[in-house]
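# Residue-level structural notes
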Amino acid sequence: FRALQKSGALDDMRKRGVDVVHCSSVDNALVLAADALFIGYCDQLGADCGAKVCAKACAEEAVGVLCAAQEGGAKVVEYSELDPAAANETDTVTGELRLNAGNICNHFY
């Protein structure tokens, strides 16, 4: 965001009437460019931002997770930064991983 602001790109987008941005990573070859369903869903909700996630296959899967931030909101924690004990925690009711929202780098702003 800071780079878009510093470069003047945000001002340029406003001038052109751009209201939202959809971005993804080259790591996700299956992402739909300008995913109309995802963008429309986020827009209808009036969301400031959105992120698509997929359930992790296992605790050791090399993918970051979207989780609640202590300071409020949400954040992505990279798999290399996850404490193995936290990565392996399961929900006592469902048996699923507590940190199960795998970040597939598909974002709406």
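In short, a report on the structure. Treat the numbers as computed from the prediction; the structure is a model and nothing was measured. (Residues numbered from 1 in each chain as written. Predicted model: local features only at pLDDT ≥ 70, side-chain atom pairs only at ≥ 80, totals over all residues. Heavy atoms only, no water.)

## Some remarks on the overall build of the protein
For the protein, the count of helices and strands is 4 helices and 5 strands. Helices and strands in the protein line up, N terminus first, as α-α-β-α-β-β-β-α-β. Structurally, the protein occupies a C-alpha span of about 50 × 30 × 30 Å along its principal axes. Residues classed as buried in the protein amount to 25% of the 109 residues present. Here the protein has roughly 8000 Å² of accessible surface; of this, 53% comes from carbon and sulfur atoms. (Helix = DSSP H or I, 4+ residues; strand = E, 2+ residues; numbered from the N terminus. Buried < 20%, exposed > 50% of the residue type's maximum accessible area, 1.4 Å probe, protein only. Areas by Shrake-Rupley, 256 points an atom, 1.4 Å probe, with all protein chains shown as cover.)

## Some words on the pairing of strand 5 (residues 101-108)
The sheet contact formed by strand 1 (residues 22-24) and strand 5 spans 3 bridges and is antiparallel. The residue bridging S24 from the neighbouring strand is N106, located in strand 5. The pairing of strand 2 (residues 50-55) with strand 5 spans 5 bridges and is classified as antiparallel. Bridging across to strand 5, C54 finds its partner in G102. (Pairing = 2+ DSSP bridges.)

## Let's talk about the pairing of strand 4 (residues 74-77)
One ladder, built from 4 bridges, connects strand 3 (residues 65-68) with strand 4; its direction is antiparallel. Paired with C67 across the strands is K75, a residue of strand 4.

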